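What the coordinates show
The chain contents come next:
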Amino acid sequence: MQRLALFDLDQTLIDLDAAFLLWAEEFAEQHRLGRKGVHHLIRLNRNGLPHRELFFAKVRERFKLSAPAVSLWAAYRRRMPHLVECRPEVLTGLAELRAAGWRVGIITNGTADNQLGKLRRTGLAEAVDGYAVSGVEGIRKPDLGLFEIAAQRCGMLPGEGGWMIGDNLLADIGGGRAAGLRTVWIDHGGRPGEEHPADHVVSDVIEAIALLHEHGERRRGCRP
């Protein structure tokens, strides 16, 4: 198996929930929604709406805002890259993987402006060998094609194995397995007892990076 590690972005390499809270507080202050408004935005976000445009349509309706939903969504995409952070230890962990001979990539769903902005402002764009963004490529995880693009961007061969690390059981774990990758599920504890097909389960991406190092050393020790 080739030393390829593909990572999801949101809720894997970066804490999107923390950034969303900052955005919600700013948005509520801007529109004078108060603390109840912040709590409503957080609850609505947790409902898992399939698309942000629908989220902002509901926000506009709930708070009787004059701006169109598409304008609210566009403003969100412009602001979010300035609010997300990647912990220094995560950037260090990715660098250590690459130093150990791994090719490291990011594969993420989302609009081009939002996701590319996050990658560039957090330093993750320079911390990996390549990345694939659904909004750029026109296909989304779990589509096999996005995994193939990400592997190729890292200079590796699609279908020759590697690892996928992410928090979404369908997009990351299901998609990764379909692409012939071993998988590590980042379980944030929201679904206790949930059945899953992942090869490993961890609670944080740092644990996942340590796991990859462990497997890499084990394979090296098996060489004749």
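The preceding data block contains the structure.
Summarised in this report is the structure supplied together with it. The shown structure was predicted, so the numbers you read here are calculated from the model rather than taken from an experiment. (Residues numbered from 1 in each chain as written. Predicted model: local features only at pLDDT ≥ 70, side-chain atom pairs only at ≥ 80, totals over all residues. Heavy atoms only, no water.)

**Here's the deal with the pattern of salt bridges**
Keep this limit in mind: Counted as salt bridges are all cases of a side-chain nitrogen of Lys or Arg within 4 Å of a carboxyl oxygen of Asp or Glu. Working definition: helices are DSSP H or I runs of at least four residues, strands are E runs of at least two. Numbering for both runs from the N terminus. Working definition: with a 1.4 Å probe on protein chains only, accessible area under 20% of the residue-type maximum means buried, over 50% means exposed, and in between means partly exposed.
Within the structure shown, the criterion is met by eleven salt bridges. Between R77 and D113 there is a salt bridge, with its nearest N and O atoms 2.8 Å apart. One end of the pair, R77, is in helix α4 (residues 69-79); the other, D113, is in helix α6 (residues 112-122), with 36 residues separating them in the sequence. By relative accessible area, which is 16% here, R77 ends up buried. Measuring nitrogen to oxygen at the nearest pair gives 2.6 Å for the salt bridge that ties K141 to D172. With K141 in the loop between α8 (134-137) and α9 (144-153) and D172 in helix α10 (residues 169-178), this residue pair connects regions lying 31 residues apart in the sequence. On the basis of relative accessibility, which here comes to 6%, the residue K141 falls in the buried class. When salt bridges with common partners are traced through the structure, they connect D8, K141 and D172 into a single cluster.

**Overview of the nonpolar core**
We apply this condition: Nonpolar cores are built from buried Ala, Val, Leu, Ile, Met, Phe, Trp, Tyr and Cys residues. Side-chain atoms within 4.5 Å join them into one set.
Among the nonpolar cores identified, the biggest contains 53 residues, and F7, L13, W23, L94, L124 and I165 are the most heavily contacted of them. The biggest single contributor to this core is helix α1 (residues 16-30), with seven residues.

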